[in-house]
Amino acid sequence: MQKLRFFFLLLLFPSILFAQQRTKVELVSSDRLTVDTKTNVNYVINPVFRQDNATLRSDSAVFYKDRNYFEAFKNVHINQGDTVNIYSDFLNYDGNAKKAHLSNNVKMIDPTSTLTTNILDYNMATKIGEYSTGGKIVNKDVILTSKRGYYFANTKDAYFRYNVVVVTPQSTIKSDTLRYNTFTNWTYFYGPTNIKGKDDNLYTENGAYNTKSENAYFGKKNLYTQNTKSLKGDSLYYYGKTGYGRAVKNIVFIDTSDRTLLRGQLGEYYKADERVVVTKNAYFGMATKDSITVNKKKIPDTLWLGADTLQTQKVLQHTLKLLNKPVIQKDNEVGAEDDKAKEEKEKEKAEARKAAAAAQAVKKPAVINLETKKLSKKEKKLAEEKAKDLKNNPPPPKLLDSPKVNVDSIKTDSLKKILPLTTQNKTIASSKKDSVQADKKIALKSDYKKAISNTTNVKPKTSSANLLKKDSVAVFNPADTVRTRVIKAFHNVRVYKSNMQAKADSLFYTAADSTLRWYKNPILWSEGTQQTGDTIHVFFKNDKIHSFQVLQNGFLVNVETDSTKFNQVKGKKITGFFREGELRNMYVDGNAESIYYSKDDKGNYDKMNQSVSSRIKFLFKDKELTDILYIKEAEGATNPMNKLPKETTLTGFIWKPELRPVSKADIIKGKPVAKSTSKNTTTKPAVKVIGNDASGIKPILPTKKPAADLNKSKTTPIKPAVVPPVKVDTIKKKIQSVN
């Protein structure tokens, strides 16, 4: 206990010693001095006081010599160590405590900043100033105001409380509590703070910001907003000069204009191109106008996308190669919706019409509009006669070498008038020095087509001003400034939506054409079908799923309750169309092959149908396959169930139900590793079981048939590959062949 007391005494000893080092206030000089001998009070005019390294001046003062105290009035000036200068109208100075109480028009100046306030308490020993009625600090970079503040002249630190506002050329900071260093330009926040830039704002409750370098760190309840975008993170680091930021832990990026949401645990932000890169449990949500029913209520069906790395940014739309949505054309042909080409064609036609009208206006003589201009009777009569005369006797055509001729207006008919054709060669000489081919002969051969081609290649001289004007009009295009959002996903890409799920290595999406593009081993699931191919595109229209396309090596597998019976289709391209969120029809083009199992009236499999066609069309209704239409050169064979061939799968068959995302949780955390391996072979499955589905596909929506009907078979069901098993609707029997 005694040791602890001794330790505290050692800590307090320097301050006690410092408190005992009192010095007297000296009156160095004055213009006039009056002394009250009874009270020993001095009345001084223009005094100069000194204590330690400080000099104090004023217009007048009352000096209480015994108390080591004085009061100063008007033009008060304190100079301490030639580094701190304080000015005010009034001063009460206690020489024993070395404390100055200044009031009215107080100004404290040091080499880096100026503090102004109405009342200031300044400790000459510690060089600490305090105000509580509002103050302002100004330096070359910052203007800072607050209700209460403390300024430390030694360390150049200032603490501020209540209604703190910091104004810099780049931003305005509003805070409850902060500390600012006038030498390093670092600002530290200890309460609710908003940093507002020219087009963005950052909220935090703890952090630091450099008003000169614009570097910052924020560590509590952080929210960055810019127009329609916002970014949250437990920790935010931002480098203002480069426009680069990092977000760590619980990152949330939202863009309300695109109705998009991006989450993750580590992110990077690039302000120049508005790019955000998120890793570690990164996933993305995009709102659609499709809806699902949950607890008898319809809610929006959001598309969720997860990947190892997600990147989103705004880019110029004209730099992207946009895709056209597929449409059904005549004779069941699948084409592309070419709205953009139509718009460009219409634009070109409109411009051509304007150019033709302008050229026609140049050719036509100026005619006075008698309806719009008020003329006297005599003027009207003269104008009518002039117009009639011009109509009956039009002016002769202009020569080809005239510099005023518009090349675009030269037509074949005008060439017939300008260049008479004869069987003998003739020469045409230019009449002006600035002609296109001055003093040169143009040989007109008897060949009419050659003469026209030679003539149309003649170009009159145009001034540089006209060329610049033409080029400037051609270069400017408002569409070149349109920016649109793109999303890129890399590695282990997963997508979940109630009526569609997918997996791939990489993905690209742009809001300009509302198309998802999957690359490298993509797999797409919809209802009871699985599609694979080299590339898969999924198109959205009016925020609803519109269609999909599987390009190159397309392979579709459809499974029923008996997972050993795989309906299969393969072709170069597979195109499917949705209506109200449900798959309605699908086309397979290019060497289309199919294997389809049909059933009898009792619902038992009776035969396997194998066919080859240039195109196959599938029709769906209520999530069930209802019709198969073979289009163009259909060939096929039918085998009863007791005489099936050895090979019941098409070449390239693949079946991966264990990779299928079944919920949003699979997007966020990733699909867990399946306990059993999937079928990925071109041979017939070894096990034949009738009963519960062994595929492991979880249904997205409830099926019409109750699960109890699927368990009537006496055969013992096998365990599914992934829990829970899929209950897929039965495919109807009807098959049609269309030649």
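Residue indices begin from 1 for each chain and proceed along its sequence in written order. In keeping with the model being predicted, local features are shown solely for residues with a pLDDT of at least 70 and side-chain atom pairs are shown and tallied solely at 80 or more, while totals for entire chains, interfaces and linings include all residues. Note that water and hydrogens are dropped before the side-chain values are worked out from all heavy atoms of the structure.

## Side note on the overall build of the protein
We count a stretch as a helix when DSSP gives it H or I for four or more residues in a row; a strand needs E for two or more, and each element gets its number in order from the N terminus. A count of helical and extended segments in the protein gives 7 helices and 45 strands. Three labels apply to residues, based on accessible area from a 1.4 Å probe with only protein chains included: buried if under 20% of the type maximum, exposed if over 50%, partly exposed otherwise in between. For the protein, the residues scored as buried account for 40% of the 739 residues in total. Here a residue-residue contact requires only that any non-hydrogen atoms of the pair lie within 4.5 Å. Taking contacts inside the protein between residues at least 6 apart in sequence as the whole, the part at least 24 apart equals 46%.

## Considering the packing of aromatic side chains
Stacked, tilted and edge-to-face pairs are distinguished by plane angle, under 30 degrees for stacked and over 60 for edge-to-face with tilted covering the rest, among Phe, Tyr and Trp rings (Trp via its six-membered ring) whose centres lie within 6.5 Å. Evaluated as defined, the whole model comprises 21 aromatic pairs. Measuring from centroid to centroid gives 6.1 Å for Phe73 and Phe90, while their planes differ by 80°, and the two rings are edge-to-face. Of this pair, Phe73 sits in strand S7 (residues 69-80) while Phe90 sits in strand S8 (residues 84-94), and the two are 17 residues apart along the sequence. When its relative accessible area of 30% is taken as the criterion, Phe90 is described as partly exposed. Chaining the aromatic ring pairs together yields one cluster made of Phe49, Phe63, Phe70 and Tyr93. Any Lys NZ or Arg CZ that is within 6 Å of a ring centre and within 35 degrees of that ring's normal is treated as a charge sitting over the ring. Lying across the ring of Trp304, Lys664 places its NZ or CZ 4.0 Å from the centre.

## Regarding the confidence of the model for the protein
Confidence along the protein averages 74 in pLDDT terms, with 70% of residues attaining 70 or more. Note: pLDDT gives the predictor's confidence per residue, expressed from 0 to 100. Confidence drops under pLDDT 50 across residues 674-739; counting only partners more than four residues distant or on other chains, this segment forms 140 contacts.

## Overview of the pattern of salt bridges
We define a salt bridge as a contact between a side-chain nitrogen of Lys or Arg and a carboxyl oxygen of Asp or Glu at a distance within 4 Å. Within this structure, the stated rule accounts for 13 salt bridges. Ionic pairing is found between Asp199 and Lys271, a salt bridge with its closest N-O pair at 3.8 Å. Here Asp199 is found in the loop between strand S18 (193-196) and strand S19 (200-204), whereas its partner Lys271 is found in the loop between strand S26 (260-270) and strand S27 (275-286), with 72 residues between them in sequence. Under the relative-accessibility criterion, Asp199 is labelled partly exposed at 36%. You can call Lys271 partly exposed: its relative accessible area is 28%. As a salt-bridge pair, Lys229 and Glu274 come within 3.3 Å of each other at their nearest N and O atoms. One end of the pair, Lys229, is in strand S23 (residues 229-233); the other, Glu274, is in the loop between S26 and S27, and 45 residues separate them in sequence.

## Focus: the nonpolar core
In terms of nonpolar packing, the biggest core is built from 92 residues, with Leu91, Trp518 and Val538 touching the most fellow members. Sequence-distant contacts of Trp518, defined by excluding residues within four places in its chain, comprise Val493, Val495, Met500, Ala502, Ala504, Ser506, Leu507, Asp534, Thr535, Ile536 and Val538. We define a nonpolar core as any set of buried Ala, Val, Leu, Ile, Met, Phe, Trp, Tyr and Cys residues linked to one another through side-chain atoms lying within 4.5 Å. Counting residues in each nonpolar core, the second largest holds 12 residues, with Ile595, Leu644, Phe653 and Trp655 among its members.

## Quick notes on the pairing of strand S38 (residues 535-541)
When you tally the buried positions in S38, you get 6 out of 7 residues, the bulk of the element. One ladder, built from 5 bridges, connects strand S35 (residues 515-519) with S38; its direction is antiparallel. The residue of S38 that forms the bridge with Thr515 is Phe539. In this scheme, strands are said to pair when DSSP sees at least two bridges between them. Relative to strand S39 (residues 544-559), S38 runs antiparallel, the two being bridged by 7 bridges. Residue pairing for S39: Phe539 is matched across the bridge by Ser547. The turn joining S38 and S39, which pair antiparallel and follow one another in sequence, is formed by 2 residues; a positive phi near 55° is taken by Asn542.

## With respect to the environment of Lys289
Mapped onto the fold, Lys289 is located in the loop between S27 and strand S28 (291-294). As for Lys289 and Asn542, which are separated by 253 residues in sequence, their C-alpha atoms are 7.6 Å apart. Once you skip the residues sitting within four places of it in the chain, Lys289 turns out to touch Arg259, Asn542, Asp543 and Lys544.

## Considerations on the environment of Tyr237
Position of Tyr237 relative to the elements: it lies in strand S24 (residues 235-239). Sequence separation between Tyr237 and Ala216 is 21 residues, and the spatial gap between their C-alpha atoms is 5.8 Å. The contacts of Tyr237, once residues within four sequence positions are left out, are Ala216, Tyr217, Tyr244, Gly245, Arg246 and Val248.

## Here we look at unusual backbone geometry
Look at Asn105: it is not a glycine, yet its phi comes out positive at around 55°. Tracing the chain through its elements places Asn105 in strand S9 (residues 99-109). A positive phi angle, close to 65°, is found at Asp543, a residue other than glycine. By the element assignment, Asp543 lies in the loop between S38 and S39. For Asp543, a relative accessible area of 34% gives the class partly exposed.

## Focus: a nonpolar patch on the surface
Taken together, Val138, Ile143 and Val167 make up a surface patch of nonpolar side chains, about 190 Å² in accessible area. Take Ile143: it is sitting in strand S13 (residues 143-146). The class of Ile143 is partly exposed, set by a relative accessible area of 38%. A patch consists of residues exposed above 30% relative accessible area that lack any salt bridge, with like charges linked at up to 9 Å and nonpolar side chains (Val, Leu, Ile, Met, Phe, Trp, Tyr) linked at up to 5 Å. For every accessible area listed, the method is Shrake-Rupley and the probe measures 1.4 Å; residues are considered covered only by the protein chains on display.

## As for the pairing of S8
The pairing of S7 with S8 spans 10 bridges and is antiparallel. Pairing of Gln80 across the sheet is with Val84, part of S8. Between S7 and S8, which pair antiparallel in sequence order, lie 3 residues; one of them, Gly81, sits at a positive phi of approximately 60°. Relative to S9, S8 runs antiparallel, the two sharing 8 bridges.

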